[in-house]
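# Report on the structure
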Amino acid sequence: MARNPSHPADGGGHGRAHGRQHEHDDGRGHDHSHEHDHSHGHDHSRGHEHTSGASERRLLLTLGILLVFTATEAAGGWLANSIALLAEAGHMLADCGSLLLAILAIRASQRPADPQHTYGSARYQTLAAYTNGLMLLALTAWVMVEAFRRLIAPPAVDGQLMLVVALIGGIANLAAFITLSGASSLNERGARAHVFGDLLGSAAATGAALLILGLGWMVADPILSILVSLLILRSGWGLAREAGHVLLQGTPSTLDVEGLAQDLAQVSGVKDVHHLHVWSLTGEAPVVTLHATVDPRADQQAALQGIVRRLREHHCTAHATVQIEGGDCLDDGNGTCHCA
């Protein structure tokens, strides 16, 4: 009986396992068995590069739009003495930093795999999204503190200048938000969350300016800033939580582990599936490692390929590692199989 170590990427610390066949699926149709049979499908690397290129172009265009209007809002907020505009300018400045971070993450993620990073550098994008979420939380806390201070002693605000600057900023933020409408990755969604916060800030500043001009309500400036900050706080928390879940190798929300095991057990010849681990590198396509017990009378190679095919076609896995165990092996519950 041959001994095969568990795949190092499973993170489960199974130790040594006794199996007959061990197959990897890297998401491109590569099937590797213990007998060294290989079948090669289409290489999707070009498609991935095209997607990354489109994402980078969207981010660069958005960055250009925001850079043009950040200085305008900062100057307008200072002259109008508006916390809503200053908060908006601060958010836009942070957005420029977050967009730059997202762009750098995309470029870093394109580095090929090496012995130190066997899965490549795709998680730079997830790390950037997590950092952007924390930045949103920090900025929101600052705005709320300043808004409460002004709520206690509202200063005079130039409503007319505030309205003009807020409208200009709103147009810029809307253009940036539309530019990122094709965002799908966690990294891009993080940048889009920043821009959405800016769009809400512009709306709040516009509403506050109208109330100041129409009714003379100076408190409208800090009150609306607080309300918008609460909305942004929710967005930042959700982004940081989702990115943190990915970084901690949490199970993707789109997959039910128990249901996945039951589905794979339906493959011909498979008796059960255990030591099932599911996570994701970037919050998109899942990565799977598992052990499968196969009936000794069944074609183990066919069962192996059937599991990999079902994972790829029915569950859209990016990478799968499958270890086959014969039906005469007993699992001691600690990741080691004792074969008769």
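Our structure is the block above this text.
Computed from a predicted model, the values in this text were never measured in an experiment.

## Overview of the side chain of aspartate 221
Among the structural elements, aspartate 221 can be located in helix H6 (residues 220-247). Of the side chains with opposite charge, arginine 150 comes closest to the buried, unpaired aspartate 221, at an N-O distance of 4.3 Å. The residues contacting aspartate 221, other than those within four sequence positions of it, are Asn81, Ser82, Ile83, Ala84, Arg150, Val157, Met162, Ala208 and Ile212.

## Remarks on the nonpolar core
Of all hydrophobic cores here, the largest spans 21 residues; its most connected members are Leu264, Leu276, Leu290, Ile307, Leu311, Val322 and Ile324. For this core, the secondary structure elements donating two or more residues are helix H7 (257-264), strand E6 (270-280), strand E7 (286-294), helix H8 (300-315) and strand E8 (319-326). Among the elements that line this core, the one with the most residues is H8, at 5 residues. By size, the runner-up hydrophobic cluster in this structure holds 16 residues, among which are Leu63, Ile65, Leu66 and Ala191.

## A closer look at the layout of surface pockets
Estimates place the volume of the second largest pocket at around 190 Å³. For the second largest pocket, the full set of lining residues is Glu242, His245, Val246, Gly250, Thr251, Pro252, Ser253, Thr254, Ser280, Gly283 and Glu284. Among the elements that make up the lining of the second largest pocket, the one with the highest residue count is H6 (3 residues). Of the residues assigned to the lining of the second largest pocket, the class counts are 2 nonpolar, 7 polar and 2 charged.

## What to know about empty space enclosed by the protein
Scanning the entire structure with this criterion turns up 2 cavities of 30 Å³ or more. Approximately 80 Å³ is the volume attributed to the largest cavity. If you trace the largest cavity, you find 13 residues lining it, with Ala84, Ala87, Gly201, Ser225 and Val228 closest to the centre. When residues of the lining of the largest cavity are traced back to their parent elements, those giving at least two are helix H2 (83-109), helix H5 (186-215) and H6. Of the residues forming the lining of the largest cavity, the biggest block, 5 residues, is contributed by H6. Residues that form the lining of the largest cavity fall into these classes: 8 nonpolar, 4 polar and 1 charged.

Thresholds applied
- Residues numbered from 1 in each chain as written.
- Predicted model: local features only at pLDDT ≥ 70, side-chain atom pairs only at ≥ 80, totals over all residues.
- Heavy atoms only, no water.
- Helix = DSSP H or I, 4+ residues; strand = E, 2+ residues; numbered from the N terminus.
- Buried < 20%, exposed > 50% of the residue type's maximum accessible area, 1.4 Å probe, protein only.
- Lys, Arg positive; Asp, Glu negative; His and termini not counted.
- Salt bridge = Lys/Arg side-chain N within 4 Å of Asp/Glu carboxyl O.
- Contact = heavy atoms within 4.5 Å.
- Core = buried A, V, L, I, M, F, W, Y, C linked by side-chain atoms within 4.5 Å.
- 1 Å grid on protein atoms, 1.4 Å probe; cavity = no way out; pocket = protein on both sides within 12 Å on 5 of 7 lines; lining within 4 Å.
- Points joined across faces, edges and corners; volume = space filled by probe spheres on them.
- Nonpolar A, V, L, I, M, F, W, Y, C, P; charged D, E, K, R; others polar.

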